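# Chains, contacts and geometry: an overview
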Amino acid sequence: MKVLVTCPPMLRAIEQLRHYFEDKGLELVTPNVVQVLTEDELIELVPTVDAWIIGDDPATEKVFTAGKNGKLIAAVKWGVGVDNVDFKACEKLGIPIANTPRMFGNEVADMALAYFTGLARESYKVDREVRAGNWIKPAGMSISGKTVALVGLGDIGLATAKRLKAFDVTINAYDPFTKLTAEEAGVDTILPFPENLGAADFVVITCALTPSSYHLINEKSIQLMKDGVIIINVSRGGLIDETALIAALESGKVKSAGLDVFEVEPLPADSPLRQFEQCIFGTHNGSNTKEAVIRASLRAIEILFGYLNIK
């Protein structure tokens, strides 16, 4: 049997994981993946393997149909987000599939806080200027007493709320699906979006990308925010309408943004976002710690071996 791995963090740790497959007589297929493979590449490759551990690739019905017409028996989505995977197609085609939830809450929350403090005190800007030979002293923003709009109270959102509370801020949370009370979630209040969004000094996005949350941060919702708001997104790029965000950064409505994710990844060389030096950009890397990668990979392997009846 052959197992295809297209998740970049798992691929980078593959030598630590290879023996789990080889001990069971499985052959690993490990293409060079920067962020994702294209649909056409997957349509060519997936039918040649028995199982697939998916990253953020376009795991569409076309890809799964091609796989079903070939050797594909089962798949696992590495990580939490599933917006790139057509689970309904797998159900229709009889391909067992699951993701690995609750793996990265703490790690992504840590990254959210790095953007949070970095943007408040402009530490990243200072670092860039010092390296360029300058000695700047920007007046940052005091964090204590500020208000944070926390969008999403899943595993990542709850871990982020726990960390934010140590900064003595007010947390207004938004999550129409949570069954928790504000006290249980560790926030000050849970509101329907976008109620009282204008009170926030920071908007931190930790929710899943779904049809209802696509472009949740758009021209209309940005206009409800206070002037000089700071936006942080450690979830999925499609939650923000980047055209609206660019306009708001140009006007000063949004002071700065910390974006670990983008609508198109890697961020295109001609993206207007690159002109805003007050922003901090990442590489969709919030979950990527050595410990978390091994943890999620072992869980993906466990699920996959179950589907393949490998003990």
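Our structure's up above, just so we're on the same page.
Now for a description of the structure that goes with this document. Please read these numbers as outputs of a predicted model, since none were measured by experiment.

### Looking at the nonpolar core
Membership of the largest hydrophobic core comes to 75 residues, with the highest contact counts inside it found for M10, F21, W52, I53, F64, W78 and F116. Ranked by residues supplied to this core, first place goes to helix α12 (residues 290-307) with 8 residues. Setting aside chain neighbours within four positions, we find I53 in contact with V3, L4, V5, T6, C7, M10, F21, V76, W78, A300 and L304.

### Considering the side chain of H284
The residue H284 is located in the loop between β12 (280-281) and α12 in this model. Here the side chain of H284 touches R236 through a polar contact of 3.3 Å, side chain to side chain. In contact with H284, other than residues within four places in its own chain, are Q35, D56, S235, R236, D260, V261 and E265.

### Some words on the packing of helix α6 (residues 105-121) against helix α8 (residues 155-164)
Viewed as axis vectors pointing N to C, α6 and α8 meet at an angle of 50°, and their least axial separation amounts to 8 Å. Looking at the two axes, α6 sits oblique to α8. Pair α6 / α8 crosses with right-handed handedness. Residue-level inspection shows G105, N106, V108, A109, D110, A112, L113 and F116 of α6 in contact with α8, the latter providing D155, I156, A159, T160, R163 and L164. Partitioning the contact of α6 with α8 into residue classes produces 8 nonpolar, 3 polar and 3 charged.

### As for the pairing of strand β6 (residues 147-151)
Of all 5 residues that make up β6, 5 are buried, and the element is covered over most of its length. Taking every second residue as pointing to the same face, both faces of β6 are buried, with T147, A149 and V151 on one and V148 and L150 on the other. Pairing of β6 with strand β7 (residues 170-174), which is carried by 5 bridges, proceeds in the parallel orientation. Its bridge partner lying in β7, V151 is registered against Y174. Once you follow β6 into α8 and on to β7, the crossover reads as right-handed.

### Concerning the sheet that holds strand β2 (residues 27-29)
Taking strand neighbours across the sheet as the criterion, the 5 strands line up as β2-β1-β3-β4-β5 in an open arrangement whose pairing is parallel. In this open sheet, the two edge strands, each paired with only one partner strand, are β2 and β5 (97-99). Each strand axis lies, on average, 15° off the axis of its neighbour in the sheet, ignoring direction. Across 3 bridges, strand β4 (residues 74-77) lies against β5 in parallel orientation. When the bridges of β5 are listed, A75 appears paired with I97. Lying over the sheet, α12 contacts β1 (2-5), β3 (51-54), β4 and β5, oriented at roughly 160° with respect to β4.

Conventions and cut-offs
Residues numbered from 1 in each chain as written. Predicted model: local features only at pLDDT ≥ 70, side-chain atom pairs only at ≥ 80, totals over all residues. Heavy atoms only, no water. Core = buried A, V, L, I, M, F, W, Y, C linked by side-chain atoms within 4.5 Å. Buried < 20%, exposed > 50% of the residue type's maximum accessible area, 1.4 Å probe, protein only. Helix = DSSP H or I, 4+ residues; strand = E, 2+ residues; numbered from the N terminus. Contact = heavy atoms within 4.5 Å. Polar contact = N/O pair within 3.5 Å; in protein donor to acceptor, adjacent residues only side chain to side chain. Axes fitted to C-alpha atoms, helices over the stretch in contact; angles between N-to-C directions. Parallel < 35°, antiparallel > 145°, perpendicular 65-115°, else oblique. Left-handed = near helix turned anticlockwise from the far one by under 90°. Nonpolar A, V, L, I, M, F, W, Y, C, P; charged D, E, K, R; others polar. Pairing = 2+ DSSP bridges. Right-handed = clockwise from strand over helix to strand, strands pointing away.

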